[in-house]
Amino acid sequence: MIKSAVTISLVDEARSGPFVFWDDLAAACKRAAELGYNAVEIFAPGPDAVDSSELASLLEDNKLDLAAVGTGAGMVKHGLSLTSTDADQRAKAIGFVQSMIDFGGPFGAPAIIGSMQGKWGGELSKDAALNLLRDALNQLGEYAAKYSTPLIYEPLNRYETNLICTVADGVELMKSLSMDNVKLLADLFHLQIEEVDLADAIRAGAGYIGHVHFVDSNRRPAGCGHMDYGPIAAALKEIGYDRYASAEAFPWPDPDAAAVQTIKMFNEYLQG
Ligand code: LER
Ligand code: MN
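Okay, so let's go over this structure. (Residues numbered from 1 in each chain as written. Chains lettered and ligands numbered in written order. Predicted model: local features only at pLDDT ≥ 70, side-chain atom pairs only at ≥ 80, totals over all residues. Heavy atoms only, no water.)

## Considering the pattern of salt bridges
In a structure, side chains of opposite charge can pair up when their charged atoms sit close to one another. Overall, the coordinates contain 13 salt bridges when judged by the stated rule. Note that Arg203 is salt-bridged to Glu238, the shortest N-O span being 3.3 Å. Here Arg203 is found in helix H8 (residues 198-204), whereas its partner Glu238 is found in helix H9 (residues 229-238), with 35 residues between them in sequence. You can call Glu238 exposed: its relative accessible area is 56%. Each of the salt bridges in this network shares a partner with another, and the network as a whole consists of Lys30, Arg31, Glu34 and Asp256. (Salt bridge = Lys/Arg side-chain N within 4 Å of Asp/Glu carboxyl O. Helix = DSSP H or I, 4+ residues; strand = E, 2+ residues; numbered from the N terminus. Buried < 20%, exposed > 50% of the residue type's maximum accessible area, 1.4 Å probe, protein only.)

Encoded structure:
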């Protein structure tokens, strides 16, 4: 069965980003539970931004799981990238993601590599960048295994990366890794920019998709754009997808309405 989650951002530098709840972790967890979400996904400035025992209490009190933790703050806050041409910077980027794996791992939550993958260009060729990305994913996938969680890698649309933009290219990248503990994130917003057919793309990701960002075509909450969810839901069920569909959408028209709208669409299309 697919499980529902909703994003909470604690990162000031990501103020214009696609996150539903903001700033107040306790209030967001309480509201997520009231609305019937199974879990929350946290986008934090770093591993120490949230006290682990406080998070454990919040999750337990609200009967929520931690679906995933974002690592994008490594890029937006600290300017780090796993494909930097500077070895020191790459080592810092790896260290930052490891610290986020250490934060989420004890809660069974995988870390997500999105913007931390960086881009190729200038003195860095596409092949060289992909090799750096492969090295990083191998190392971090291995690291995540100690918590029995995968590492989640997110293909992004062309305006955010030029490395891997489609599910099919993501599958090829996964196949080229030295282990199988890295899974793909199918973010429906990125898919609708890059894919010919979203349901076909999801079917092509069978066995490789480990997380879904559930959102509409304009990055508003599901149901507030022109995404056709019937075929998408059918494809996810067809491939036996049973992990999270997480609301990573603009807090439109406001956080609470976005959370209400997404769980309504989740219940209509993805539950059961
Ligand atoms: C970035 O566009 C995105 O989709 C996020 O999940 C990564 O921070
Ligand atoms: Mn995403």
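## Brief notes about the coordination of the manganese ion (ligand 2)
The coordination sphere of the manganese ion (ligand 2), as far as protein atoms go, consists of Glu154 (OE), Asp187 (OD), His213 (ND1) and Glu248 (OE), spread over 2.1 to 2.3 Å. For the manganese ion (ligand 2), the six donor atoms in the first shell make angles of 71 to 173° at the metal, a pattern classed as octahedral. (Donors = N, O, S within 2.8 Å, 3.2 Å for Na, K, Ca; no water. Tetrahedral: all angles 85-135°; square planar, octahedral: opposite > 155°, others 65-115°.)

## Some words on the site of ligand 1
With respect to spatial proximity, the complete set of residues near ligand 1 consists of Glu154, Leu156, Glu160, Asp187, His190, His213, Arg219 and Glu248. A distance of 2.5 Å is found between an oxygen atom of ligand 1 and a side-chain nitrogen or oxygen belonging to Glu160. Within the side chain of Arg219, a nitrogen or oxygen atom sits 2.8 Å from an oxygen atom of ligand 1. Alone, ligand 1 offers 260 Å² of accessible surface; in the complex the protein occludes 89% of this. (Near = heavy atom within 4 Å. Polar contact = N/O pair within 3.5 Å; in protein donor to acceptor, adjacent residues only side chain to side chain. Areas by Shrake-Rupley, 256 points an atom, 1.4 Å probe, with all protein chains shown as cover.)

## Looking at the environment of Asn218
Relative to the helices and strands, Asn218 is located in the loop between strand E8 (209-213) and H9. For Asn218 and Ala249, which are 31 residues apart along the polypeptide, the C-alpha to C-alpha distance reads 8.9 Å. For Asn218, the side chain forms a polar contact with the main-chain oxygen of Cys224, separated by 3.0 Å.

## Considering helix H6 (residues 167-175)
Within H6, burial applies to Val167, Gly170, Val171, Leu173 and Met174. End-on view of H6: buried residues confined to an arc of 160°, all on one side of the axis. Next to the buried residues of H6 lie helix H5 (126-144), strand E6 (151-153), strand E7 (182-187), helix H7 (188-194) and H8. (Arc of directions from axis to C-beta. Contact = heavy atoms within 4.5 Å.)

## A few points about the side chain of Thr161
Mapped onto the elements, Thr161 comes out in the loop between E6 and H6. A polar contact is formed between the side chain of Thr161 and the backbone oxygen of Gly118, at a distance of 2.7 Å. Thr161 has contacts with Gln117, Gly118, Lys119 and Leu156, leaving out every residue within four places of it along the chain.

Shape descriptors only; they carry no functional weight alone.
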